[in-house]
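One-letter residues, chain by chain:
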Amino acid sequence: MCRKDMLRTCRKFSTPLWLIALAVVSSLMAPQGAFAQGQAIHGIGVAKNCVGQLVVGQTTNCVITALNNTDTDGDSLTVTGIFDIVQASPINVRVPAAGNLPIIGVTGGATCASANTAFPCNLPPGGTVAVRSNAYVVDADDPDPLPDQGQIVWADQCNGPDPNCNTQSNTSQAPGQSDIVQCLVAADCTSTPGVCQVNTCVANVCGTAPANNGVACGSSADTACSNPDTCLAGICSPNNEQVGFTCGAGTECTDQKCDAAAACVSSNKIDGTTCGSATDTACSNPDTCLAGTCSPNNEQVGFTCGAGTECTDQKCDAAAACVSSSKLDGTACGSATDTICTDPDTCVAGLCVLNNAPGATVCNPGNPATCDPAEYCTAGVCPTDDPGTGCSNAVCRTPGYWSTHAGNDKKNGSAVNTTQAVIALAGGTLNVCGETITNTDLNSINSAVEAMCVSVKGDSQLQLIRQLTAAALNCVISSAVLPTGPNPCAGVPLYAAVFAECNTACIANLDKASITACIDKVDCLNNGGIPTGSGASYFCSTGKCSDSPTANCTSGNLSLCATPGTATCNPNTNNCHNQPLPGPLTDSPAGSSDKCNDAIKNSCEVTDTSCS
C-alpha cells in the first residue's frame, strides 16, 4: 500500500500476470462436459493494468489483456469481446455501456478482424489481444486497493485432441484488487532529469541517478579545438583536442592549429608551398606561398604559352600575356605525307595552304592485264575506280562462239564441246529467262544450242534468250565462285546489273521496245563493249577518249569526251572479248555450223513445252 498524500504520480495496476492467470484458471476451469482425471484444462488468462496520477478528479488509462496461456490441450480460443466493470460510485458500471473497448495490439500470432482492429479475434496458444479501457476518474474516497474488473467474452475452438471439449461462450474477469503505487519501472516516472542524470524507480518510488560515464552530452559535434563532451560522475565534462591539432581549413598559405588554451590560432605554411593554380597556365608558373600569402610566378618573355595553330605560335610577352606570331612561310602543315593527289601542305602568312598535284597527274596507273583503266587527279582527289569500266576481269564470247563450240562433228574431229563443259562448271544447270539449261542436245527444251540457234528475224523474246544464254556462259567462266540462284551473273560486276534487268524483262515478256533495248545491251557486253547512257543517248562503248582517259566512246560517238570536236576514240584492246578462257578450258577450234542450222530448222524452242 502507499499513502495518497505522499505521492505525486502513481499507477493503478492489477494483480501480477502470473497470479491473475492462476486466479482466472481457478475460476474458469469448471468442467465443460464430464471432467475425468487427466483431462485437458481449458481456460483463458485475463490481466488489467492502470497507470496515472493520484489526483482527485484526474483520470488513469487502463489496459485489459486476454491471454491464451492456460489451455493445456493446445486449443485456439476465439475472443468475441472485452469490456470493463468499474466498481465505484455508481457500483458495477459497464464501460462501454454497449459493445467493446478498442483493440490496441496483438502478439503471439493472434489475429483480429479488419486488420486487427475489430472483434472477433483468434488466439493460438501463447497469443494475446489487448484493449484500451475506460479513462478511470480518481475519487477522494477511493479505497486502497481499488476494486474494479476486466471482462473477457471467449469460446474454445476445440481444435485439440480432447474429445470432451466444447465451444460454449464464457465470460471471465480479472479480479479487481489493485494497489496504488508511484512506479513499477523507471519509464513510469515523468519528471525531466538534468544533464547527465536519468530517472529511476526504486521500491515503487521515482528518483534520479547519474548517467553512465561516457554518455555524450553538450555539443554533439567536434567544434574547433573541443571534442564532443561526455558525462563523468553525473556532470557534463568538456574534452579538448591536443595542442597542434588541425582545427580549421586555414587558407592556401596558412594553417589553423589548437593551442594550450584549446583555441584555434593561425600559422604560415612554409615559403615555397604550391598555391594558386596547380598547373602552368599561359604565362604564369604555379604560384607559391611567401610569408603566408600566395605570390604569382610569371614565365620569361618568349616562353611558349599555348599550342597555337599549325601555322602560328603562342609566346609570352613582358606583360605575362600570350601573343600570337606566324610560323615561317613554307613550314609543313596539314597532311604530313604526300597522299596521291595532295602534296604536303605549307604555311603562308600564318595560314595552312593546300598544295594539290596537277590535274593530269596519274593517281592510279591501272592494270592493263585486267582492263583496269588509269585514273587521274581532279581538284586534289583521285576518283574511285568504277568496277563497270573496262572488262573488269571478265571473259566474254558471243552466242555464235558458244553455238559452234557445243559439240564434236564429223567435219572437224578436233572440236571440243566447251559449252557443255561450262554448264558443268555451273553445277549442271543455268537459269535463263525462267528456263532451265542443262545440255547441248538437239530437240531438247533444256538445250543451250536450241536457246542460241534461232532465226535472226524471229521472235524478239527468243533473240533476248539467245543473248542471255551466252551472257550466262560468260559469267560462269568470269566468276570467282560458282553461280547460285536465279542470276548466274550476280558475282560479275560487268554483267550483274544488265543481266538482272534484262532477265526480268524476258520472263515478263515486256513490250518490244524494252526487249529490243535489252538485246542491244547484252549483245554489247558479249562483244566486249560497255553499255553507256540510256534511251536516245545510249551507245555501246568500245574505247576511251584521247583527252579524257576515263570517258567512254566509239569512233562514231565522242559526246562524252572533253573536246568532242578534236578528240579521238582509243579502242579498248584489253576488253573481255580479248581475254582467254580460264584453264582448264581452252579456245579449241570451232566445229561446223551444221548442228546450229539443224536447231534453227527444227520446231523445238526452249519456251515450247512440246520439245522433249
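Draft legend 1. Geometry of the sheet that holds strand β18 (residues 246-251). Strand order across the open sheet formed by 3 strands is β18-β19-β20, with antiparallel pairing between neighbours. The open sheet has two edge strands, β18 and β20 (264-268), and neither has a second partner. Across the sheet, the mean angle from the axis of one strand to that of its neighbour is 25°, orientation sign disregarded.

Draft legend 2. Layout of the pairing of β20. The sheet contact formed by strand β19 (residues 254-258) and β20 spans 5 bridges and is antiparallel. The residue bridging T254 from the neighbouring strand is N268, located in β20.

Draft legend 3. Representation of the confidence of the model for the protein in the model. Looking at the protein, pLDDT values average 79 and 79% of them are 70 or higher. Of all the helices and strands in the protein, strand β1 (residues 10-13) carries the lowest mean pLDDT, 28, while strand β7 (residues 111-112) carries the highest, 96. A low-confidence stretch, residues 1-38 (pLDDT under 50), is modelled with 99 contacts involving residues beyond four sequence positions or located in other chains. For residues 385-392, every residue scores under 50 in pLDDT, and the model assigns this stretch 24 contacts once sequence neighbours within four places are set aside.

Draft legend 4. Expanded view of the environment of A508. Among the secondary structure elements, A508 is positioned in helix α7 (residues 493-508). Assessed through its relative accessible area of 48%, A508 is described here as partly exposed. Separated by 75 residues in the primary sequence, A508 and C433 place their C-alpha atoms 8.7 Å from one another.

Draft legend 5. Geometry of the side chain of T404. With respect to the secondary-structure elements, T404 resides in helix α3 (residues 399-404). A distance of 3.0 Å separates a polar side-chain atom of T404 from the backbone oxygen of G400. Only 3.1 Å separates the side chain of T404 from the backbone oxygen of Y401, close enough to count as a polar contact. Not counting chain neighbours up to four residues away, the residues in contact with T404 comprise A590, G591 and S592.

Draft legend 6. Broad picture of the state of the cysteines. Tallied over the full model, the rule gives 21 disulfides. Between the sulfur of C333 and that of C352 lies a disulfide, 2.1 Å long from S to S. What sets the handedness of the C333 and C352 disulfide is the S-S torsion sign, and at about 95° it is right-handed. Here C333, found in strand β27 (residues 332-333), pairs with C352, found in strand β29 (residues 351-356); they are 19 residues apart in sequence, far enough to count as distant. Looking at C352, the relative accessible area reads 30%, which means it is partly exposed.

Draft legend 7. The sheet that holds strand β37 (residues 552-553), seen in detail. Pairing is antiparallel in the open sheet, where 3 strands are placed in the order β37-β36-β38. The sheet terminates laterally at β37 and β38 (569-571), the two strands that pair on one side only. Sheet analysis places strand β36 (residues 543-545) next to β37, joined by 2 bridges and oriented antiparallel. Pairing of K544 across the sheet is with N552, part of β37.

Draft legend 8. Structural view of unusual backbone geometry. Here the amide bond leading from V95 into P96 is cis, since omega sits at -5°, within 30 degrees of zero. Note that P96 resides in the loop between β5 (93-95) and β6 (103-107). The peptide bond linking F119 to P120 adopts the cis configuration, its omega dihedral lying at 5°. Of note, P120 is situated in strand β8 (residues 118-123). Backbone geometry at C433 places phi at a positive 55°, although glycine is not the residue there.

What counts, and where the lines are drawn
- Residues numbered from 1 in each chain as written.
- Predicted model: local features only at pLDDT ≥ 70, side-chain atom pairs only at ≥ 80, totals over all residues.
- Heavy atoms only, no water.
- Pairing = 2+ DSSP bridges.
- Helix = DSSP H or I, 4+ residues; strand = E, 2+ residues; numbered from the N terminus.
- Axes fitted to C-alpha atoms, helices over the stretch in contact; angles between N-to-C directions.
- pLDDT = per-residue confidence, 0-100.
- Contact = heavy atoms within 4.5 Å.
- Buried < 20%, exposed > 50% of the residue type's maximum accessible area, 1.4 Å probe, protein only.
- Polar contact = N/O pair within 3.5 Å; in protein donor to acceptor, adjacent residues only side chain to side chain.
- Disulfide = S-S within 2.5 Å.

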